[in-house]
Amino acid sequence: MLKLEKEVIQGGMGAGVSNFRLARKVSSRGGLGVVSGTALDTIMVRRLQDHKLDVELIFALENFPDKKLTQKIIDKYFKKGRKSKTAKYHPAPYPRFKQDSKGILSLKDSSRGPNLEELLIVSNFVEVFLAKQGHSNPVGINYLHKIQWPLMTSIYGAMIADVDVVLIGAGLPKEIPEVMENISEGKNSKISIPVIDGKDYLLEFDPKVLSEQPKLDIPFFLGIVSNHLGVKAVPQSDGYVFEGEIAGGHNAPARSKELNEKGEPNYGKKDEIDEGKLNMLLGQNSQRKNNTIQPYWLAGGYANKLNEALEMGADGIQVGTPFAFSRESGIEPKLKRKVIQEIMGGTEAHTSPIASPTGFPLKVVQVKDTLSQKEIYDERERICNLGYLVELYERDGEVDTRCPADDLERYEKDGGNVEDTIDKVCLCNALTSTVGLGSPGEVPLVTSGSDFSVVKALVKEHGIDYGVEDVMRYILKS
């Protein structure tokens, strides 16, 4: 297994923000480049329809071990001529589930072309494969545990591309080490998945979905947690990333249910790392893991505090926000420039306790002409047509899906409580728009950490078009 000796881990951000180009550049410059594993099937098929990155995408598809499968994908999504801006994308299949005689769930094969499992496997392979081109350094992929239904399938695709590190946050991914071991051996894997109005179900993945089983190595696994308690909750991780409250994107819920004067979660002492308890828990884990102390990295405002983190005992830091606005990130260039200009003008990121359908707090940058503005949010037609953040619910012994960001009548008809829909944002459509792959008419939403000090310093020194090399030099000087 890889021994991860990297002082700088690049955060796995958004859907397509941490794309293969950003991760490739970071890894080639000595950090751990990380691609985002969110919505990669949609990102891949939309890139193909837009004829974006044709040479690289086709090269990656040609290197996938199942050529018949990738040809099916090319035949369905890679048409002659670029899709017009007003035309709708041909979608990846919406997630649906079937149950076997024992009630165990699996993804339903409801597509005449490449099905959802196949697209998840291939798209995760493609993103990791491309991130690993042109250098020999490790590459990671980041997932959200709150989006459980595609996890096993996605990890399988990344492992086929020989991903070096899997990082998972937004939940407690304690079952993932066993899943990766099973996948490496070609065995079925199961994880528990919560179902509203019913018991938790088991979701199964069979890697024999491919005709030939490639030989796979088990990646290094990093659990992304908020404090020392995560060590106890996810003891089998190979290491940890501790994300503080100012880290970007989704945050762990605060222990206190009260909100501050800005309407944000009120984080306090109980949410912080207790260094004494952390060292004790790591010591206990080492007795179960060949007397090896698990390494850890600190995240959330540490881009200018590398030496401080090392002195605390960390192996390094994870950095997101400065990379998110770098030249190589996937944010659509015009939007990126606009956001940076507003950051330089004093805009802030607001931590909404309710915007995300996941139920986790979410940091949203307040930017004009995005869904951060209430009048734009109110004007948008509510629809759930991508389905990554669906919740599973049980009715009459059957499991179906619904989303609190969907149409109110449809959500209520499906047994949902309308109060749960208040101010919920369709992150699936918004975040694909942020990287220039949105459905026609969908407005972007920009997420980040709340500390913009390093972004401002980089812009003042290198201009609005600063790059990964500038970020790495800045971090390593700190």
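For the structure given in this document, a descriptive report is provided here. (Residues numbered from 1 in each chain as written. Predicted model: local features only at pLDDT ≥ 70, side-chain atom pairs only at ≥ 80, totals over all residues. Heavy atoms only, no water.)

One open sheet holds the eight strands; their spatial order is β1-β12-β11-β10-β9-β6-β5-β2, and the pairing between them is parallel. Looking at which strands have only one partner, the edges of the open sheet turn out to be β1 (8-10) and β2 (33-36). Strand after strand, the sheet turns through a mean of 25 degrees between neighbouring axes, direction not considered. The pairing of strand β6 (residues 165-169) with strand β9 (residues 220-225) spans four bridges and is classified as parallel. When the bridges of β9 are listed, I168 appears paired with G223. (Pairing = 2+ DSSP bridges. Helix = DSSP H or I, 4+ residues; strand = E, 2+ residues; numbered from the N terminus. Axes fitted to C-alpha atoms, helices over the stretch in contact; angles between N-to-C directions.)

A few words on the packing of helix α5 (residues 116-131) against helix α6 (residues 151-160). At a closest axis distance of 7 Å, the pairing of α5 and α6 adopts a crossing angle of 40 degrees. Judged by the inter-axis angle, α5 sits oblique to α6. Here α5 and α6 pass one another in a crossing that is right-handed. In this structure, α5 uses E117, L120, I121, N124, F125 and V128 to contact α6, whose residues at the interface are T153, S154, Y156, G157, A158 and I160. For the contact of α5 with α6, a count of residues per class yields seven nonpolar, four polar and one charged. (Parallel < 35°, antiparallel > 145°, perpendicular 65-115°, else oblique. Left-handed = near helix turned anticlockwise from the far one by under 90°. Contact = heavy atoms within 4.5 Å. Nonpolar A, V, L, I, M, F, W, Y, C, P; charged D, E, K, R; others polar.)

Another point: the pairing of β2. Burial of the side chains of β2 extends over both faces: G33 and V35 are buried on one face and V34 and S36 on the other. By the bridge criterion, four bridges tie β2 to strand β5 (residues 139-144) in an arrangement that is parallel. Across the sheet, V35 pairs through a bridge with I141, a residue of β5. (Buried < 20%, exposed > 50% of the residue type's maximum accessible area, 1.4 Å probe, protein only.)

The subject of this paragraph is the pattern of salt bridges. Tallying each qualifying case throughout the model produces 20 salt bridges. One salt bridge connects E56 with R24, and the closest N-O pair in it is separated by 3.2 Å. With E56 in helix α3 (residues 54-62) and R24 in helix α1 (residues 20-28), this pair connects stretches of sequence that are 32 residues apart. Two residues, E469 and R29, come together in a salt bridge whose shortest N-O distance is 2.7 Å. In this pair, E469 sits in helix α17 (residues 468-477) while R29 sits in the loop between α1 and β2, placing the two residues 440 residues apart along the sequence. With relative accessibility at 31%, the residue E469 sits in the partly exposed group. Residue classification places R29 among the partly exposed positions, given a relative accessible area of 37%. Residues participating in the shared-partner salt-bridge network are R21, R24 and E56. (Salt bridge = Lys/Arg side-chain N within 4 Å of Asp/Glu carboxyl O.)

Here we take up the layout of surface pockets. Approximately 880 Å³ is the volume found for the second largest pocket. Elements supplying a minimum of two residues to the lining of the second largest pocket: α1, α2 (40-50) and α12 (333-344). Per-element tally for the lining of the second largest pocket: the top contributor is α12, with three residues. Class assignment for the residues of the lining of the second largest pocket results in ten nonpolar, ten polar and twelve charged. (1 Å grid on protein atoms, 1.4 Å probe; cavity = no way out; pocket = protein on both sides within 12 Å on 5 of 7 lines; lining within 4 Å. Points joined across faces, edges and corners; volume = space filled by probe spheres on them.)

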